[in-house]
Amino acid sequence: MYILHFNNGKVRALEAQEPLPDNGLIWVDIERDNAQNWDAWVEPLLGVPIDAEHVADSLNPTHPSFFDGTADYDMLVFEGLGPRAEPLPLATRTSTFFMFRRVLVSVRAPDSISLSQTRQRLLDGRLKPPPTPLMLALLIVDAMVDRFLGIRESLDRYFTQLQDDLFETDQTSRDWRELMRGRREARRLEALCQDQLEALDAWRRGSRFDWNSKTEVRLRDVYEHVDRVMHHAAGQERDLEAAIQLHFSVMAHRTNKVMQVLTVLSAIFFPLTFIAGVYGMNFEHMPELHWRYGYAGVLGLMAVIVVAMLVYFRRRRLL
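Residues numbered from 1 in each chain as written. Predicted model: local features only at pLDDT ≥ 70, side-chain atom pairs only at ≥ 80, totals over all residues. Heavy atoms only, no water.

Caption draft 1: Layout of the overall build of the protein. A count of helical and extended segments in the protein gives eight helices and seven strands. Its C-alpha atoms give the protein a radius of gyration of 36 Å, clearly above 20 Å, the size a compact globule of 319 residues would have. With the C-alpha coordinates of the protein rotated into their principal frame, the extents come out at 125 × 35 × 30 Å. A buried classification covers 42% of the 319 residues belonging to the protein. Sequence-distant contacts in the protein: of pairs separated by 6 or more residues, those separated by 24 or more amount to 65%. When the accessible surface of the protein is split by element, carbon and sulfur atoms take 55% of a total near 18,200 Å². In the protein, 37 side chains carry a positive charge and 43 a negative one; their mean positions are 8 Å apart. (Helix = DSSP H or I, 4+ residues; strand = E, 2+ residues; numbered from the N terminus. Rg over C-alpha atoms; globule rule 2.2 N^0.38 Å. Buried < 20%, exposed > 50% of the residue type's maximum accessible area, 1.4 Å probe, protein only. Contact = heavy atoms within 4.5 Å. Areas by Shrake-Rupley, 256 points an atom, 1.4 Å probe, with all protein chains shown as cover. Lys, Arg positive; Asp, Glu negative; His and termini not counted. Charge placed at Lys NZ, Arg CZ, Asp CG, Glu CD.)

Caption draft 2: The arrangement of the packing of aromatic side chains in detail. Inspection of the entire model under this criterion finds seven aromatic pairs. Both rings, one in tyrosine 158 and one in phenylalanine 159, keep their centres 5.3 Å apart while their planes meet at 70 degrees; by these two values the pair is edge-to-face. Phenylalanine 159 carries the same exposure label as tyrosine 158, and that label is buried. With a centroid separation of 5.5 Å and an interplanar angle of 65 degrees, the aromatic rings of tyrosine 312 and phenylalanine 313 are classed as edge-to-face. Note on tyrosine 312: relative accessible area 45%, which makes it partly exposed. Looking at phenylalanine 313, the relative accessible area reads 9%, which means it is buried. (Phe/Tyr/Trp six-rings, centres within 6.5 Å; stacked < 30°, edge-to-face > 60°.)

Caption draft 3: Broad picture of the environment of proline 49. In this structure, proline 49 sits in the loop between α1 (38-46) and α2 (52-58). Judged by relative accessible area, proline 49 falls into the exposed class, the value being 56%. Expressed as a C-alpha distance, the spacing of proline 49 and aspartate 72, which sit 23 residues apart in the sequence, is 8.1 Å. The contacts of proline 49, once residues within four sequence positions are left out, are Glu43, Asp72 and Tyr73.

Caption draft 4: Region of the structure containing the side chain of glutamate 79. One can find glutamate 79 in strand β5 (residues 74-81). Within the buried core, glutamate 79 has no salt-bridge partner, and the shortest N-O distance to an opposite charge, that of arginine 188, equals 4.9 Å. Here the side chain of glutamate 79 touches threonine 92 through a polar contact of 2.7 Å, side chain to side chain. Discounting residues that sit within four places of it in the chain, glutamate 79 has contacts with His63, Pro64, Ser65, Thr92, Arg93, Thr94, Met144, Phe148, Leu192 and Gln196. (Salt bridge = Lys/Arg side-chain N within 4 Å of Asp/Glu carboxyl O. Polar contact = N/O pair within 3.5 Å; in protein donor to acceptor, adjacent residues only side chain to side chain.)

Caption draft 5: Representation of the pairing of strand β3 (residues 25-31). Among the seven residues in β3, seven count as buried, and that is most of the element. Side chains of β3 alternate between two faces, with Leu25, Trp27, Asp29 and Glu31 and Ile26, Val28 and Ile30 buried alike. Judged from the five bridges that link them, strand β1 (residues 2-7) and β3 form a sheet pairing that is antiparallel. Following the sheet pairing, isoleucine 3 is matched in β3 by valine 28. As defined by bridge partners, β3 adjoins strand β7 (residues 103-108) across six bridges and the pair is classed as parallel. By the bridge assignment, aspartate 29 is partnered in β7 with serine 106. (Pairing = 2+ DSSP bridges.)

Caption draft 6: Just the packing of helix α6 (residues 176-206) against helix α7 (residues 213-278), in detail. Two elements in contact, α6 and α7, have axes whose closest approach is 9 Å; the angle formed by their N-to-C orientations is 155 degrees. As far as their axial angle goes, α7 and α6 are roughly antiparallel. The chirality of how α6 crosses α7 is left-handed. Partitioning the contact of α6 with α7 into residue classes produces 19 nonpolar, four polar and eight charged. (Axes fitted to C-alpha atoms, helices over the stretch in contact; angles between N-to-C directions. Parallel < 35°, antiparallel > 145°, perpendicular 65-115°, else oblique. Left-handed = near helix turned anticlockwise from the far one by under 90°. Nonpolar A, V, L, I, M, F, W, Y, C, P; charged D, E, K, R; others polar.)

Caption draft 7: Geometry of the environment of leucine 104. Relative to the assigned elements, leucine 104 resides in strand β7. On the basis of relative accessibility, which here comes to 0%, the residue leucine 104 falls in the buried class. Linking leucine 104 and phenylalanine 67, residues 37 residues apart in sequence, is a C-alpha distance of 15 Å. Those residues in contact with leucine 104 that sit more than four places away from it in its chain are Ile26, Trp27, Val28, Phe97, Phe98, Met99, Pro133, Leu136, Ala137 and Ile140.

Caption draft 8: Fine view of helix α5 (residues 152-165). Its 14 residues give α5 an end-to-end C-alpha distance of 20 Å, which sits within 8% of 20 Å, the value for a rise of 1.5 Å per residue. All of the buried residues along α5 are Leu155, Tyr158, Phe159, Leu162 and Gln163. For α5, the buried positions fall inside an angular range of 135 degrees around the axis, keeping them on one side. Of the residues in α5, the exposed ones pointing more than 90 degrees away from the buried face are Glu153 and Arg157. (Expected span 1.5 Å × (residues − 1). Arc of directions from axis to C-beta.)

Encoded structure:
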């Protein structure tokens, strides 16, 4: 458990055994692994009852982004990225924020990078201390969303490589499972962003707090960042789908070209086969069989037919 006290532009860390100050803003940051019965510690200090279902939501590591609240507090569940540097497969971490009148309680995974970095930057003076629990929560959520923005370049490289692999000449080396996994991850990122946008919108409409212009600007900034990530994921999915369709179109075109050549060859050899079949019949009275130049004449006729058909097909651009 980490406790920070903000007062008059200053930040200091408090011990869990210390009584909470009567003034200023307080941030209680609790790791989920050590958060069993955290409400039993918070409720007596704040004198505010916490809904049991909300407590259960805060302890659920896979809860999607969601907003709810009571007359005494707002609760925001927000899904962010995990600690891995690689963007895929997506590894997410859920953090839950309880916003009271002057206290923010966060329940999060132990390896939640965004909350740890925000706390450290506040202690180091690199971030201006926020005046309200709303602004503090928005500051943390903004840091969580910025990590999604940071992986866009890596996602671009990954999806571009998948698209390039579609057009490699060595078809046997393609791993279609990797391609399908890329599509699933793009859809998952898009759905995750949609949940985030819905949670932020519900928070703005259902919050018990009064939102001033600064808070509105901060929320709009977070909202736009999430929207950019969602459109980026949707665009990557569309590009990958278009590349797949183009790949199959190219493959169909190649197949059609092969079938076209085979069809032309079949058309050329059809009359030759007919002539050979006619003179292969075993009738006694066939005048050409006793003609001195019959063999040469038939071969010449076949040659003329082949040349004529080749000229015809080339003029029609079928060869």
